[in-house]
Amino acid sequence: MEEKYDRYECQLSEELKKEAWKNLREDENLRDQALDQFREWIKKHPKIKKCRMDANFLMRFLRTKKFSVPDACQLLEKYLTTRKVLPELFDNLCLDDPVIHHFISSGSVMVLPKPDKHGRLVITFDPEHYDVNKYTTVDGIRATNLILELASLNERAQICGIAHVMDWAKLTLPFIGMWTVNQIKNFTRCWQKTFPLRHGAFFFVNMPAFSLAFSKLVTSCLSEKLRDRIYMVKNWENVHDDLGRDVLPSDCGGKMSRQEMAKKLMELAEKHREEILALNDFDIEVSDSDLNFGNSYDADLDSAIVGSFRKIQVD
């Protein structure tokens, strides 16, 4: 008997339906056709032995790639491969992990409760509570991966994308010294090439002079398209103009405290706890050479390490 799969139950607001059409040309026919083709590809894939094929899961990849089924298939394969090859970055992504609990509860890394003026979700990073004597780079990556998974569940993020805001005011030399060039390369390759998310903008705020080289290294590891979406800004007014003031924590000029936002985020993480843990219920055959992010991309990356930012905005 032919397997039956769920249909996508569209419960989008009228606003998001309009955004989905404007950004992705998404409608019911396109969704159904793309889901059918995607599932057929998964069933015939020689290395994918087990994978979720429900509509909610697959729509993340289709929307990220604007319903290009071949591109969505490639993204899914890289997503599963990354999780298989680097389990230490994805296992037990929940608040039971005391390190993840620390980073989320302190507001070090957050997905904010309100969208920005463009409808995007906003992810923030603040290194104030990153004690380099207690926490490793892997600890920070794991907490960030939980945030990225939570963001990818959100249909607004799937349709409108996300904006990143990094507050470097409390950046320290020991924090920078934790990261090797290879770690930075691998981390940026991992999240930009495997997570089903559309990255709309990156704001680096209040950068101390000593962090310039570090920030250039991080951003040079992004693809050319993403480097074109980078903004270095001197203060929060520049961010307010683009994202809106109210979306940010009160210490960044908004109304809601960072502690209150962190509490809401912890509630969200607990609500989706089982769903995120279940993302590890898959199986794909991998080899040492399978985690490949593309030769042309790697060439661009190596040539860009000493490059400059494409966009610089100052007050």
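Further up the page is the structure itself.
In this text, all values refer to a predicted model and were calculated from it rather than measured experimentally.

Calculation notes
Residues numbered from 1 in each chain as written. Predicted model: local features only at pLDDT ≥ 70, side-chain atom pairs only at ≥ 80, totals over all residues. Heavy atoms only, no water. Buried < 20%, exposed > 50% of the residue type's maximum accessible area, 1.4 Å probe, protein only. Helix = DSSP H or I, 4+ residues; strand = E, 2+ residues; numbered from the N terminus. Contact = heavy atoms within 4.5 Å. Polar contact = N/O pair within 3.5 Å; in protein donor to acceptor, adjacent residues only side chain to side chain. Pairing = 2+ DSSP bridges. Axes fitted to C-alpha atoms, helices over the stretch in contact; angles between N-to-C directions.

A. Geometry of helix H5 (residues 98–105). Along H5, the positions that sit buried rather than exposed are Ile100, His102, Phe103 and Ile104. Elements in contact with the buried residues of H5: strand E2 (109–111), helix H6 (137–153) and helix H13 (258–271). For H5, the capping residue at the N-terminal end is aspartate 97, with a side-chain oxygen 2.9 Å from the backbone nitrogen of valine 99. One or two steps after H5, the chain reaches glycine 107, where phi turns positive at roughly 80°.

B. Broad picture of the sheet that holds strand E3 (residues 121–125). Read from one edge of the open sheet, five strands run E2-E3-E4-E5-E6, paired in mixed fashion. Edge positions in the sheet fall to E2 and strand E6 (230–233), since each of these pairs with one other strand and no more. Between one strand axis and the next, the sheet turns through 15° on average, direction left out of account. Where E3 and strand E4 (residues 162–167) come together, five bridges link them in parallel fashion. The residue of E4 that forms the bridge with threonine 124 is valine 165.

C. The pairing of E3, seen in detail. Judged by how many residues are buried, E3 sits mostly within the fold: five of five residues are covered. Alternating positions in E3 separate into two faces, Leu121, Ile123 and Phe125 on one and Val122 and Thr124 on the other, with burial throughout. Inspection of the sheet shows E2 paired to E3 by three bridges, in the antiparallel sense. If you follow methionine 110 over to E3, its bridge partner there is threonine 124.

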